[in-house]
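For reference, the chains in residue letters:
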Amino acid sequence: MDNISGHRRLLGLTLAGLQGVASEVGLPGFAAKQMAQWLYDKRVCTIGEMTNLPKAARARLADAGWTVGRERPKAEQRSADGTVKFLFEGRGGRDVEAVYIPDRERATLCVSSQAGCRMACSFCMTGRQGFHGNLDAADIINQVLSIPQSGSLTNIVFMGMGEPMDNLRAVMDAVEVLTAPWGLGWSPKRITVSTIGKMRELRELLEETKVHVAVSVHSPFAQERRGLMPVENAYPVRDVMEMLRGYDFAHQRRLSVEYIMWRGVNDSMRHADALARLIRGTSARVNLIRFHAIEGSGLGPCDEAAMVAFRDHLNGLGVTATIRASRGEDIMAACGLLAGKARI
């Protein structure tokens, strides 16, 4: 697992990956668990700190080009509402962002899985910048461990830059590190992975993990959604919801529907009725999201009264719907506004 400077990073490796490293440099198999403890429990930044490995073994790791791979954020911005946006090294000339969101007893980190995005959603700043490269598990776990608030985090959401299902292997490795007893030991109930609905990858995520899932819908009508999200051509949202009906979201995990609201586009009661029909049988709850205008999109935010009426109508139909509080808009950290910056 190499970073941009060419070093091989231990960070983000699963136990199986660390066993491979131990074998490579002539260490006994149990050294993998020792390295995992140093990386994910003690959270060291250098191989030299792994003091229960023999000095000669640490030297062999270093000689083979291995480093821990922790990197501090390059910059940060603080919002008036307490949200903090962090800038990390990315890929392909584009840095990536993670957003820390404190909210009473909760402290959520929104992590990125790609630099840019291939999905080209018309309303999203990340999608507008194009795709610059996949992050690996080291990049993802580094976002979690290298912010000052790391020790107080209660939740992780894969809702930053990129489409997690378009980089599934790295996301799955990161989830394993986050949840495994040899890793950070989190309950999967503390993790939510967002997706536009790549079906094969989503099915694999559902079958191999117990994390919560959030699906970006934004319109219940195929033609309208296609104009907002080109992915509708490849993965119709009706097919996605039909697949999701085959999974249990009533007990160990939760399914959410993400629904950004635009004035005069998807905010009518006709849309609410169709959305309720679309998700029927999935136990999904709906998160209504304020649109944060971006230049050239031609879309305008829905007013508060219309969002409340839409929510209440869904609730009246037996759908649990809430309006998500907007956080970090003043530092371009709110939903759809993450863009990183070009490196010069």
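Residues numbered from 1 in each chain as written. Predicted model: local features only at pLDDT ≥ 70, side-chain atom pairs only at ≥ 80, totals over all residues. Heavy atoms only, no water.

Participant: In this structure, what is going on with the overall build of the chain? I would like to understand it.
Facilitator: Helix and strand counts for the chain come out as 11 helices and 14 strands. For a compact globule of 344 residues, the expected C-alpha radius of gyration is about 20 Å, and the chain comes in at 21 Å, within 12% of that figure. Its C-alpha atoms give the chain principal-axis dimensions of roughly 70 × 45 × 40 Å. Across the 344 residues of the chain, 56% fall into the buried class. Contacts spanning at least 24 positions in sequence make up 67% of the contacts within the chain whose residues lie at least 6 apart. Positive and negative side-chain charges in the chain, numbering 43 and 37 respectively, have mean positions lying 2 Å apart. (Helix = DSSP H or I, 4+ residues; strand = E, 2+ residues; numbered from the N terminus. Rg over C-alpha atoms; globule rule 2.2 N^0.38 Å. Buried < 20%, exposed > 50% of the residue type's maximum accessible area, 1.4 Å probe, protein only. Contact = heavy atoms within 4.5 Å. Lys, Arg positive; Asp, Glu negative; His and termini not counted. Charge placed at Lys NZ, Arg CZ, Asp CG, Glu CD.)

Participant: Can you help me understand the sheet that holds strand E10 (residues 191-195) in this one?
Facilitator: Pairing between the strands of a sheet is mediated by backbone hydrogen bonds and can be parallel or antiparallel. On the basis of which strands lie adjacent, the open sheet formed by 10 strands has the order E3-E4-E5-E6-E9-E10-E11-E12-E13-E14 and mixed pairing. Two strands in the sheet have a free side with no partner beyond their single neighbour: strand E3 (75-78) and strand E14 (321-323). Strand-to-strand, the axes of this sheet are offset by a mean angle of 25°, without reference to chain direction. As paired elements, strand E9 (residues 155-158) and E10 share three bridges and run parallel to each other. The partner of Ile 156 across the bridge, within E10, is Ile 191. Along the sheet, helix H5 (residues 137-145) makes contact with strand E4 (84-91), strand E5 (94-103), strand E6 (106-110) and E9, crossing E4 at roughly 155°. (Pairing = 2+ DSSP bridges. Axes fitted to C-alpha atoms, helices over the stretch in contact; angles between N-to-C directions.)

Participant: Sorry, what's going on with the packing of aromatic side chains here?
Facilitator: Each aromatic ring pair is specified by the distance between its two centres and by the angle formed by the two planes. Using the criterion set out here, one finds four aromatic pairs in the structure. Ring geometry for Phe 123 versus Trp 262: centroids 5.0 Å apart, planes at 50°, classification tilted. Of this pair, Phe 123 sits in the loop between strand E7 (114-116) and helix H4 (125-128) while Trp 262 sits in the loop between strand E12 (255-261) and helix H10 (269-279), and the two are 139 residues apart along the sequence. In this structure Trp 262 comes out as buried when scored by relative accessible area, which is 0%. With 5.3 Å between their ring centres and 25° between their planes, Tyr 259 and Phe 310 make a pair best called stacked. Remark: Phe 310 occurs in helix H11 (residues 304-316) and Tyr 259 occurs in strand E12; sequence separation between them is 51 residues. Residue class for Tyr 259 comes out buried when judged on its relative accessible area of 0%. An aromatic cluster is built from Phe 123, Trp 262 and Phe 291, whose rings are joined through pairwise contacts. The residue whose ring lies beneath Lys 42 is Trp 38, and the NZ or CZ to ring-centre distance is 5.4 Å. (Phe/Tyr/Trp six-rings, centres within 6.5 Å; stacked < 30°, edge-to-face > 60°. Lys NZ or Arg CZ within 6 Å of the ring centre and 35° of its normal.)

Participant: I tried to follow the pattern of salt bridges on my own but got confused; where do I start?
Facilitator: Applying the stated criterion to the full structure yields 21 salt bridges. One salt bridge connects Asp 139 with Arg 9, and the closest N-O pair in it is separated by 3.0 Å. You can see Asp 139 sitting in helix H5 and its partner Arg 9 sitting in strand E1 (residues 8-9), a full 130 residues away along the chain. Exposure class is identical for Asp 139 and Arg 9. Each is buried. Asp 166 is the salt-bridge partner of Lys 198, the closest N and O atoms lying 3.1 Å from each other. Note that Lys 198 is positioned in the loop between E10 and helix H7 (199-208) and Asp 166 in the loop between E9 and helix H6 (168-179), a separation of 32 residues in sequence. The same class applies to Lys 198 as to Asp 166, namely buried. Through salt bridges that share partners, Arg 118, Asp 166, Lys 198, Arg 200 and Glu 201 make up one connected network. (Salt bridge = Lys/Arg side-chain N within 4 Å of Asp/Glu carboxyl O.)

Participant: What exactly am I supposed to notice about unusual backbone geometry here?
Facilitator: One can expect most non-glycine residues to show negative phi and most peptide bonds to be in trans. The phi dihedral of Arg 43 falls on the positive side, at around 60°, and the residue is not glycine. Tracing the backbone shows Arg 43 in the loop between helix H2 (31-41) and helix H3 (55-63). Phi is positive for His 218, which is not a glycine, with a value near 70°. Examined against the element boundaries, His 218 turns out to sit in the loop between strand E11 (212-216) and helix H8 (222-228). Residue class for His 218 comes out buried when judged on its relative accessible area of 3%.

Participant: What is the right way to look at the packing of helix H1 (residues 15-24) against H2 in this model?
Facilitator: How two helices pack is summed up by the angle between their axes together with the distance between the axes. Axis separation between H1 and H2 bottoms out at 8 Å; the angle between their running directions is 120°. By the angle between their directions, the pair H1 and H2 is classed as oblique. Of the two possible hands of crossing, H1 and H2 adopt the one that is right-handed. Facing H1, whose interface residues are Leu 15, Leu 18, Gln 19, Val 21 and Ala 22, H2 presents Ala 31, Ala 32, Lys 33, Met 35, Ala 36 and Leu 39. (Parallel < 35°, antiparallel > 145°, perpendicular 65-115°, else oblique. Left-handed = near helix turned anticlockwise from the far one by under 90°.)

Participant: I'm lost on the environment of Glu 76 in this one. Help?
Facilitator: Turning to its location among the elements, Glu 76 is positioned in strand E3. Between the C-alpha atoms of Glu 76 and Phe 88, which are 12 residues apart in sequence, the distance is 9.2 Å. Every residue in contact with Glu 76, bar those within four places of it in the chain, is listed here: Val 84, Lys 85 and Phe 86. At 3.1 Å, the side chain of Glu 76 forms a polar contact with the side chain of Arg 78. (Polar contact = N/O pair within 3.5 Å; in protein donor to acceptor, adjacent residues only side chain to side chain.)

Participant: It is not clear to me how the pairing of E10 should be interpreted in this structure. Could you clarify?
Facilitator: Working note: regular strand, side chains alternate between the two faces of the sheet. Burial runs high along E10: five of the five residues are buried. Of the two faces of E10, the one lined by Ile 191, Val 193 and Thr 195 and the one lined by Thr 192 and Ser 194 are each fully buried. The parallel pair E9 and E10, bridged by H6, forms a crossover whose chirality is right-handed. One ladder, built from four bridges, connects E10 with E11; its direction is parallel. Bridge pairing in E11 links Ser 194 to Ala 214. Taken together, E10, H7 and E11 constitute a β-α-β crossover, and its handedness is right-handed. (Right-handed = clockwise from strand over helix to strand, strands pointing away.)

Structural measurements only, silent on function.
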